[in-house]
Amino acid sequence: MPRLISAAMALRRDPRLLKLPPYISLLCVLVGVVWLVLLPLDQYSRRTYISENALLPGQVHTYFGGSDQHVFRAYRHEVDALLNSTNVQVNDELEKIFKGMGLKVGRQNYTYHSSGETYTGENVYAILQAPRGDATEAIVLVAAWKNLEEEFNRNGVALALTLTRYFKRWSLWSKDIIMVVPPDSRAGMQAWVDAYHDAHDGAQVAALPIKSGALQGALALDYAQDGRFDSVHIAYDGVNGQLPNLDLINSVVNIASGQMGMGSVLQGLLRHSQKYDDNLRTVMRGMLSQALGRAEGPHSCFIPYHVDALTLKPVGNGWHDEMGLGRLIEGLFRSLNNLLEKLHQSFFFYLLIHKHRFVSIGTYLPSAMLIAANFTIMAIALWVKSGYKEVEPAQDKPKAEEVKDGEEKTEAMPRSVVVERQTLLPLTLVAGSQFLGFVPLFVFNQTPSSLLTPVFAIFTILNAALPHLASVFLTSHISQPPSPQQYQLIKSFSLLLLGMFLSALATLNFALAFLVGLIASPLTFSRPWADEWIGARYAHAAALHLLSPPVVVLGGSLLAGVGVHEVLREAAFGWNVWGMYTPLIIWCVWWPAWLVGEIVVLGRPRDGEKEKKA
């Protein structure tokens with residue numbers, strides 16, 4: 001045992017160990033990427049199932065249809081007549097319809113400001129009180145007047161009115177049913193949900209005049225297309241990548257395919273072969289949607305309040321009509337009506353491969369954690385390395401050692417000695433870079449919409465020049481330029497923060513943590529270059545600049561076919577209205593780490609030995 005301890009202590013001081021971390025970090029990144037691309041295989045995914053037995057999806061006979069189709073057409077005629085009316089005029093007519101059904105009706109005004117634009121409107125909603133309930137629980141049916149694409153949701157509103165009238169005739173409900181008609185799918189629903197949970201800003205959003213009980217679930221209808229459809233698209237992503245309970249999605253798929261004979265579509269993939277290519281495409285689309293963190297429908301506003309919600313949108317051309325969709329909604333509402341408590345037994349963190357297979361958090365999370373760990377490993381290695389300095393034996397022992405008779409004189413090898421760490425400058429630089437990230441966060445979220453493009457262009461130019469200016473200032477305009485040890489500490493502190501932030505973020509928004517970590521992974525290998533390698537220095541800096549946040553935002557907008565103006569405008573709206581934290585991660589986590597990495601690459605450490613000889 002003593003020999004083992006002494007061998008371990010000797011190994012701990014072996015300088016060769018400090019050469020391993022870069023290779024370990026690279027291995028973590030590669031394994032993390034390979035781990036992710038293996039997930040769409042059936043060997044690493046699981047088949048979906050219903051965990052909450054009380055749901056009993058598809059076990060009831062639905063009666064919606066027959067004469068209800070005439071009611072639907074009558075309501076659609078009334079809705080079409082309101083096409084060119086104002087929001088207030090529309091709500092006046094809807095209020096009359098709701099009151100004609102014998103429902104309690106409420107209206108709510110809201111006004112949001114974002115990017116110099118004003119989003120104002122009025123929500124109207126009605127509450128169907130459960131004959132068998134005590135107003136302690138409720139289910140929400142949403143039909144926005146316009147969907148996210150600003151299309152007139154004529155069939156969705158008409159079908160929601162028809163279903164509300166149909167539900168009124170039944171005495172089996174144990175939960176209240178709330179029918180909400182916001183003027184749009186972006187701001188109106190957020191105002192209503194915030195006010196329902198008393199989390200609204202009274203200066204912008206009015207309080208709700210009437211309420212029901214705790215919301216057990218919500219379903220939004222996006223039925224703007226005319227004609228029959230083939231499948232129903234299930235939008236399930238919430239704000240900031242939050243997801244509803246998997247049982248809710250499984251219930252819709254079960255009822256649609258098992259009882260109605262409808263297809264179910266995820267992530268816009270209308271024809272899914274259930275092979276690896278389509279599986280990977282579904283995973284990538286889902287991760288991108290979660291990473292962006294924007295609302296994918298009216299349902300997205302409910303999920304941050306732990307209310308499981310979905311948006312259903314008929315797609316394709318087939319033989320199903322509005323009565324089939326109505327029976328699907330009836331079946332889902334009757335399943336939710338069976339619940340004694342909120343959905344909790346199934347998964348809230350998952351990646352859907354297709355409608356029948358998923359990957360749970362325990363399987364996919366290590367891929368993001370490995371990428372985050374590569375930053376932490378390199379940060380710890382740099383911290384350890386900064387505490388030692390290689391010196392020649394002559395510097396450590398001025399007098400030459402005598403060589404005994406019969407012994408060969410060996411060449412003196414450098415040895416490491418403990419040195420004091422100079423942490424003031426590295427801490428100041430890294431902390432200053434972190435706080436500097438609030439500047440673009442504030443600017444892009446407060447700039448008027450008409451000025452976003454020129455402001456972004458100016459910031460992109462300044463972003464390219466800032467690392468060079470900071471490097472020149474550190475090298476030539478302070479009394480004592482940074483030493484090699486201080487550059488090691490600068491990089492160590494920056495990577496330590498980045499790894500810590502991404503590790504925590506991976507448990508909340510796996511996709512955002514994975515994508516930011518993957519794009520920022522070259523920062524792990526940033527290093528100062530000697531003056532004789534000036535070409536390599538600027539080539540390395542140029543390569544890092546191609547992976548800077550402004551360049552990635554610009555490239556992403558070009559690939560998506562939208563202008564950078566729309567991207568920044570949507571991000572500002574998400575920050576100001578939805579509470580989306582993606583801009584915070586980009587400008588206050590990723591951008592400061594990139595800035596520090598560029599400064600390290602452009603740095604020219606002072607040579608302490610030359611200074612002493614001089």
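Residues numbered from 1 in each chain as written. Predicted model: local features only at pLDDT ≥ 70, side-chain atom pairs only at ≥ 80, totals over all residues. Heavy atoms only, no water.

## Comments concerning the nonpolar core
In terms of nonpolar packing, the biggest core is built from 68 residues, with F98, L159, L325, L328, I329 and F333 touching the most fellow members. In contact with F98, not counting residues within four places along its chain, are L103, V105, A126, L161, M179 and V181. (Core = buried A, V, L, I, M, F, W, Y, C linked by side-chain atoms within 4.5 Å. Buried < 20%, exposed > 50% of the residue type's maximum accessible area, 1.4 Å probe, protein only. Contact = heavy atoms within 4.5 Å.)

## Section: the pattern of salt bridges
In the structure shown here, the tally under the stated rule is 20 salt bridges. One salt-bridge network, held together by shared partners, links D92, E95, K99, R107 and E122. (Salt bridge = Lys/Arg side-chain N within 4 Å of Asp/Glu carboxyl O.)

## Section: the packing of aromatic side chains
We describe a pair of aromatic rings using the distance from one ring centre to the other and the angle between the two ring planes. Under the definition given, this model contains 23 aromatic pairs. Judged by centre distance (6.0 Å) and plane angle (45 degrees), the ring pair of Y110 and Y112 falls under tilted. Each member of the pair, Y110 as well as Y112, carries the same accessibility label: buried. Measuring from centroid to centroid gives 5.7 Å for Y125 and W192, while their planes differ by 75 degrees, and the two rings are edge-to-face. Of this pair, Y125 sits in strand β3 (residues 117-128) while W192 sits in helix α6 (residues 187-196), placing them 67 residues apart in sequence. Neither Y125 nor W192 differs from the other in exposure class; each is buried. In textbook terms, an aromatic cluster arises when at least three aromatic residues are bridged by ring pairs, as seen for Y63, F64, Y166, F167, W170, W173 and F333. In this structure, R527 packs its charged tip against the face of W529, placed 4.1 Å from the ring centre. (Phe/Tyr/Trp six-rings, centres within 6.5 Å; stacked < 30°, edge-to-face > 60°. Helix = DSSP H or I, 4+ residues; strand = E, 2+ residues; numbered from the N terminus. Lys NZ or Arg CZ within 6 Å of the ring centre and 35° of its normal.)

## Description of the environment of I127
Here I127 lies in strand β3. Look at I127 and you get buried, because its relative accessible area is 5%. Remark: the alpha-carbon pair of I127 and C301, spanning 174 residues in sequence, is separated by 19 Å. Ignoring anything within four residues of it in the chain, the contact list for I127 reads L103, K104, D176, I177, I178, I210, K211 and S212.

## Things to note about helix α19 (residues 564-578)
Each α-helix winds once per 3.6 residues, and so residues spaced three or four apart point in a common direction. Between its first and last C-alpha atoms α19 spans 20 Å; for 15 residues at 1.5 Å apiece the expected length is 21 Å, and the two agree. Among all positions in α19, only V564, L568, R569, E570, A572, F573, G574, V577 and W578 are buried. In this structure, the buried residues of α19 make contact with β2 (104-114), β3, α6, α13 (438-446), α14 (452-476) and α18 (549-560). Note on α19: the residue one or two positions beyond its end, G579, has a positive phi of about 75 degrees. (Expected span 1.5 Å × (residues − 1).)

## Here's the deal with the side chain of Q190
Structurally, Q190 can be placed in helix α6. Look at Q190 and you get buried, because its relative accessible area is 5%. Every residue in contact with Q190, bar those within four places of it in the chain, is listed here: Y112, C301, V577 and W578.

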